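Secondary and tertiary structure notes
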Amino acid sequence: MSTIVHNLQAVDASIVAAASAAGRARADVQLLAVSKTFPAEAVLEAIGAGQTAFGENYLQEALDKIAAVGTALPGRAIEWHFIGPIQSNKTRPIATHFDWVHTVERLKIAQRLSEQRPDNLGPLNICLQVNISGEASKSGVTEAELPELARHVAQLPRLRLRGLMAIPEPETAVHRQRAAFARLRKLAEALRADGIAIDTLSMGMSSDLAAAIAEGATIVRIGSAIFGSRKYE
Ligand SMILES: *Cc1c(COP(=O)(O)O)cnc(C)c1O
């Protein structure tokens, strides 16, 4: 068995265990395989093992990979998620080639994605990235600005606001990992109480997946535990 196939099985087992410990169904947690920096061959191997959703951070690398996978497996339904920082002059290819974007933090970007989403595709699924670690992180909308951004994004015609995403500061203690994820969960609950219908919490990476699932993650974004350590970021 290849390393990637073996790793996918191990990650799946971790998700099963964490979901079960939290009294949740395995099916309520989607595994997003983060393939950034790894070649199309690695993605094809994961697809061969049944993985269908992939996360990418770097646009040009992602576009090349999406094209290569499309050529190798024409007609195969693969879900591509953009999870990297978004430059405003790069929104069109993102709106065209991806199914999800997890890293929306400004209305301007959301408006461009909505305007540029091709008519023949369904709505682009959106998560708002929230800065839950305060000044330690530069990325993400502040908790204070989140409700207004969510209200506006929810109105955009070719987007579907699905939920929230966060990348907390790395913590080794599980209770600290959980505290950060619990904040994101509570922010999502507050939005729902305000009438914004969201169903997604994109949180948890290779080192904190169990804590994220314990706090309600519906998408975990796993890179190195599947593909190995990256030679560069
Ligand atoms: C790279 C990356 C991941 C995956 O991180 P691992 O620690 O390799 O699992 C998840 N989410 C985002 C936004 C990333 O950039």
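Look a little higher up for the structure.
The sections below set out a description of the structure shown in this document. Note that this is a predicted model, so its numbers are computed, not measured.

This next bit is on the overall build of the protein. Helix and strand counts for the protein come out as 9 helices and 8 strands. The C-alpha radius of gyration of the protein comes to 17 Å, within 12% of the 17 Å expected for a compact globule of 233 residues. Viewed in the frame of its principal axes, the protein has a C-alpha envelope of about 50 × 45 × 30 Å. Burial status across the protein gives 48% buried among its 233 residues. Summing over all exposed atoms, the protein offers an accessible surface of approximately 11100 Å²; the carbon and sulfur share of this is 51%. One finds the centroid of the 25 positive side-chain charges in the protein at a distance of 1 Å from the centroid of its 24 negative side-chain charges.

Take the site of the ligand next. Taken together, 13 residues are adjacent to the ligand, and Lys36, Asn57, Ser206, Ser224 and Arg230 come closest. Arg221 places a side-chain nitrogen or oxygen 2.8 Å from a nitrogen atom of the ligand. If the ligand stood free it would expose 390 Å²; the protein chains cover 91% of that surface. One can see that the ligand is located within the largest pocket. Its residues assigned to classes, the shell around the ligand shows 6 nonpolar, 4 polar and 3 charged.

Counted according to the given criterion, the structure contains 3 aromatic pairs. Judged by centre distance (5.7 Å) and plane angle (35°), the rings of Phe54 and Trp80 are tilted. A residue pair is termed long-range when its members are at least 10 positions apart, and Phe54 in strand 2 (residues 53-56) and Trp80 in strand 3 (residues 79-82) qualify at 26 residues. Taking relative accessible area as the criterion, Phe54 reaches 0% and is therefore assigned buried. Note on Phe82 and Phe98: the rings are 5.3 Å apart at their centroids and 80° apart in plane angle, and the pair reads as edge-to-face.

In this model, the largest pocket occupies a volume close to 850 Å³. Forming the walls of the largest pocket are 39 residues, and the residues nearest its centre are Lys36, Asn57, Gln129, Ile167 and Met205. Looking at the lining of the largest pocket, the elements with two or more residues in it are strand 4 (100-104) and strand 8 (219-222). Reported here for the second largest pocket is a volume of approximately 200 Å³. In this structure, the second largest pocket is lined by 14 residues; those nearest its centre are Ile66, Ile78, Trp80, His97 and Asp99. Ranked by residue count, the leading element in the lining of the second largest pocket is helix 3 (residues 59-72), at 3 residues. Looking at side-chain class alone, the lining of the second largest pocket contains 7 nonpolar, 4 polar and 3 charged residues.

Conventions used here
- Residues numbered from 1 in each chain as written.
- Predicted model: local features only at pLDDT ≥ 70, side-chain atom pairs only at ≥ 80, totals over all residues.
- Heavy atoms only, no water.
- Helix = DSSP H or I, 4+ residues; strand = E, 2+ residues; numbered from the N terminus.
- Rg over C-alpha atoms; globule rule 2.2 N^0.38 Å.
- Buried < 20%, exposed > 50% of the residue type's maximum accessible area, 1.4 Å probe, protein only.
- Areas by Shrake-Rupley, 256 points an atom, 1.4 Å probe, with all protein chains shown as cover.
- Lys, Arg positive; Asp, Glu negative; His and termini not counted.
- Charge placed at Lys NZ, Arg CZ, Asp CG, Glu CD.
- Near = heavy atom within 4 Å.
- Polar contact = N/O pair within 3.5 Å; in protein donor to acceptor, adjacent residues only side chain to side chain.
- 1 Å grid on protein atoms, 1.4 Å probe; cavity = no way out; pocket = protein on both sides within 12 Å on 5 of 7 lines; lining within 4 Å.
- Sits in = over half its atoms within 2 Å of the grid points.
- Nonpolar A, V, L, I, M, F, W, Y, C, P; charged D, E, K, R; others polar.
- Phe/Tyr/Trp six-rings, centres within 6.5 Å; stacked < 30°, edge-to-face > 60°.
- Points joined across faces, edges and corners; volume = space filled by probe spheres on them.

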